[in-house]
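Take a look at the letters that make up each chain.
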Amino acid sequence: MNIDQLHHQYKSSLKKENRLIRLYQILIFLVFFSSWELFSRKEWIDPLIFSSPTKVWQLFMQKLSDGTLLSHSGVTLFETVLGFIIGTLLGTVLASLLWWSPRLSKTLDPYLVILNAMPKVALGPIIIVAFGPGFPSIISMGAIISIIITTIVVYTAFREVDPNYLKVLQTFGATRTQKFREAILPASFPTIISTLKVNVGLSWVGVVVGEFLVSAKGLGYLIIYGFQVFNFTLVMLALMIIAVFATIMYQLVELLERKLIKD
Amino acid sequence: MSFLRIQNIHHTYFSNQTAATALADISLDIEKGEFVSFLGPSGCGKTTLLSIIAGLFPPTSGKILLENKPLNADSDTSIGYMLQQDYLFPWKTIEENILLGLKLIKKDEGLERIKTLKLLTEVGLGGTGKMYPRELSGGMRQRAALARTLAVDPKILLLDEPFSALDYQTKLKLEDLVFETLKSFGKTAVLVTHDIGEAIAMSDRIYLFSPNPGRVHKTFEVSDELRELMPFDARNHPQYPILFQTIWKELESLEY
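Rules used throughout
Residues numbered from 1 in each chain as written. Chains lettered and ligands numbered in written order. Predicted model: local features only at pLDDT ≥ 70, side-chain atom pairs only at ≥ 80, totals over all residues. Heavy atoms only, no water. Contact = heavy atoms within 4.5 Å. Buried area = accessible area lost by both parts, 1.4 Å probe. Salt bridge = Lys/Arg side-chain N within 4 Å of Asp/Glu carboxyl O. Polar contact = N/O pair within 3.5 Å; in protein donor to acceptor, adjacent residues only side chain to side chain. Helix = DSSP H or I, 4+ residues; strand = E, 2+ residues; numbered from the N terminus. Nonpolar A, V, L, I, M, F, W, Y, C, P; charged D, E, K, R; others polar. Domains from an automatic or database assignment. Axes fitted to C-alpha atoms, helices over the stretch in contact; angles between N-to-C directions. Parallel < 35°, antiparallel > 145°, perpendicular 65-115°, else oblique. Left-handed = near helix turned anticlockwise from the far one by under 90°. Buried < 20%, exposed > 50% of the residue type's maximum accessible area, 1.4 Å probe, protein only. Pairing = 2+ DSSP bridges. 1 Å grid on protein atoms, 1.4 Å probe; cavity = no way out; pocket = protein on both sides within 12 Å on 5 of 7 lines; lining within 4 Å. Points joined across faces, edges and corners; volume = space filled by probe spheres on them.

## What to know about the interface of chain B and chain A
(1) Moving on: The partner chain A presents 18 residues to the 24 residues of chain B that form the contact.
(2) Moving on: Across the chain B to chain A interface the summed buried area is about 2100 Å²; carbon plus sulfur atoms make up 61%.
(3) Moving on: On the chain B side of the interface with chain A, the three residues burying the most area are Tyr87, Trp91 and Leu104 of chain B, jointly 30% of the side's total.
(4) Moving on: As a salt-bridge pair, lysine 92 of chain B and glutamate 182 of chain A come within 2.6 Å of each other at their nearest N and O atoms.
(5) Moving on: Scanning the region where chain B abuts chain A turns up six residue pairs in polar contact (both at pLDDT 80 or more).
(6) Moving on: Here the side of chain B that touches chain A gets four residues from one element, more than from any other, and that element is helix H3 (residues 100-104) of chain B.
(7) Moving on: Here the residues of the side of chain B that touches chain A sort into 14 nonpolar, three polar and seven charged.

In structure tokens:
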């Protein structure tokens, strides 16, 4: 019996498993894009609607060199990030207010349920008329779509914090602010992070829909424009870029998670 | 005048359907430096009484006086409270946990800080200050909780079954440590327990509670000889099983 050797074996088997999974992941990626290219060239799928990776790539290079892609992506990214931050922040602040005043939370409960059930994008036209067609209304769309669900989830987390932590603080004579800062908020960080992950996706929905409705700039605008002039290569390109950015945002949230939660 | 006076405490829990009386007519006096235990079957209101003394909620009627002044948990730190589990904050280091009480009253700097960190060594946790609670064993965590409670220099310590979640060996060791630490600081303490042996080994006086509603059924004075001994040694003293049997019979009689 050799513990070191067994440990080595165990480690190498782990490494082998990881390598295999990575291989499958790359395989799916390659199969997807090559069959998309193949099907499109052989016209097994309509190349006018589904375009093809090479066409999307050519358009990408072209739009990149004339600078339009950068400005469109920049606009959308800016709106989404801002909408995401505002939505999460306001939702958390609202949740804190509800925790602060149990009476307020009981009073507002049915309204939260209604607001949560309502499809927020349906408010789009009203928001656009109220804030005017431009940045503010699109950012509002990105934010409003995640505020209520953030409020509900974070408030629930606040309430589920073990009351014994509060008991400890109470015997030290802690004020309500201190209880919030020392126990409620840090204990709820895991939940807040997981709502961040959900909100990344939601903000993109809000912003893209917002751009569908008004904008003359941004990736949502490119999608709508491509659709109107029947340039589906442009639609595909915008979709790809959204996918990449959304993934990056998600990864950043995970990075934050590792920084914030030591447990 | 007694150090802690508990006068005619009644407490009733109200809910929509029921009004359950947990405590009826409790009056007792505790002297400075004494260690007393509340013993009794579950549901006899001993934890309720402890919570009331801690000021976690007011009693339905009655008064609690500490050094002749009514207690107010929200405004001072004269009460230290230890729970069944350590409830150390998992996102804080041991050092931050211990300094929590002082931080809340903004005294976690300078001399107070040094004194508190010394306390950590006194409970046998030197060198663990930068660690997180999850890195410590159950016994060590409960010792850290003791240091956290003592850090604010409370006048009286309330112990709500603080050893019940520990294994037997750790429990015996911790009993000795708590006993020794409290005696050396001259602290007054109230222990809630359902363990007869623990009550005898640690206290000067034992209040036996009867349920429905909670009342003080009987008071037992622990002999001077047993009081002087460390809890572990008290358990091996010839008088220990005698007192144990007496209390055991009383407890049995409560059930019928």
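## Quick word on the domain arrangement of chain A
Residues and elements named next belong to chain A.
(1) Moving on: In terms of domains, chain A is made up of domain 1 (3-45) and domain 2 (54-260).
(2) Moving on: Each of domain 1 and domain 2 has a C-alpha centre, and the two are 33 Å apart.
(3) Moving on: Residue-level contacts link four residues of domain 1 with four residues of domain 2.
(4) Moving on: Taken together, both faces of the contact between domain 1 and domain 2 bury some 310 Å²; the carbon and sulfur share is 65%.
(5) Moving on: Here domain 1 and domain 2 share zero salt bridges between them.
(6) Moving on: Between the two partners, domain 1 and domain 2, sit one residue pair in polar contact (both at pLDDT 80 or more).

## Brief notes about the pattern of salt bridges
Two side chains bearing opposite charge may form a pair once their charged atoms approach each other closely.
All names here are of chain B.
(1) Moving on: For the structure shown, the criterion picks out 20 salt bridges over all chains.
(2) Moving on: Note that arginine 5 and aspartate 29 form a salt bridge whose closest N and O atoms lie 3.2 Å from each other. Taken together, the residues span a long stretch of sequence, with arginine 5 in strand E1 (residues 4-14) and aspartate 29 in strand E2 (residues 19-30) at a distance of 24 residues.
(3) Moving on: Across the salt bridge formed by glutamate 250 and lysine 218, the nearest N and O atoms sit 3.2 Å from each other. Note that glutamate 250 is positioned in helix H10 (residues 239-254) and lysine 218 in strand E10 (residues 215-221), a separation of 32 residues in sequence.
(4) Moving on: When salt bridges with common partners are traced through the structure, they connect Glu34, Arg205, Glu221, Asp224 and Arg227 into a single cluster.

## Topic: unusual backbone geometry
(1) Moving on: With an omega of -10°, the peptide bond between asparagine 212 of chain B and proline 213 of chain B qualifies as cis.
(2) Moving on: By secondary structure assignment, the location of proline 213 of chain B is in the loop between strand E9 (205-210) and E10.
(3) Moving on: Notably, phenylalanine 230 of chain A is not glycine yet its phi reads approximately 60°, a positive angle.
(4) Moving on: Topologically, phenylalanine 230 of chain A is positioned in the loop between helix H10 (219-228) and helix H11 (232-260).
(5) Moving on: Backbone geometry places aspartate 153 of chain B, a non-glycine residue, at a positive phi of 55°.
(6) Moving on: Inspection of the secondary structure puts aspartate 153 of chain B in the loop between helix H5 (138-151) and strand E7 (156-160).

## Details of the packing of helix H9 (residues 176-213) of chain A against H11 of chain A
All names here are of chain A.
(1) Moving on: Viewed as axis vectors pointing N to C, H9 and H11 meet at an angle of 165°, and their least axial separation amounts to 10 Å. With respect to H11, the axis of H9 lies roughly antiparallel. H11 is crossed by H9, and the crossing has right-handed handedness. Where H9 abuts H11, its residues Phe189, Ile193, Leu196, Lys197, Val200, Trp204 and Val208 lie against Ile242, Phe245, Ala246, Met249, Tyr250, Val253, Glu254, Leu256, Glu257 and Leu260.
(2) Moving on: The class makeup of the residues in the contact of H9 with H11 is 14 nonpolar, no polar and three charged.

## Observations concerning the environment of threonine 60 of chain B
Residues and elements named next belong to chain B.
(1) Moving on: Tracing the chain through its elements places threonine 60 in the loop between helix H1 (46-54) and strand E4 (61-66).
(2) Moving on: Judged by its relative accessible area of 44%, threonine 60 is partly exposed.
(3) Moving on: Taking C-alpha positions, threonine 60 is 14 Å from serine 27, a pair spaced 33 residues apart along the chain.
(4) Moving on: Leave out the neighbours within four places in its chain, and threonine 60 touches His10, His11 and Thr12.

## Brief notes about the sheet that holds strand E5 (residues 69-70) of chain B
All names here are of chain B.
(1) Moving on: Taken together, the four strands give an open sheet; going across it, the order is E2-E1-E4-E5, and neighbouring strands pair in antiparallel fashion. Two strands lie at the open edges of the sheet, namely E2 and E5, each paired on one side alone.
(2) Moving on: In the packing of H1 onto the sheet, the strands contacted are E1, E2 and E4, and the crossing angle to E1 comes to about 115°.

## Description of empty space enclosed by the protein
Residue and element names in this part refer to chain B.
(1) Moving on: Tallied over the entire structure, the rule returns one cavity of 30 Å³ or more.
(2) Moving on: One number sums up the size of the largest cavity: a volume of about 40 Å³.
(3) Moving on: When contributions to the lining of the largest cavity are tallied by element, the ones reaching two or more residues are strand E6 (79-82) and H5.
(4) Moving on: With four residues, H5 is the single largest residue contributor to the lining of the largest cavity.
(5) Moving on: Each residue belonging to the lining of the largest cavity can be placed in one class, and the counts come to five nonpolar, three polar and two charged.

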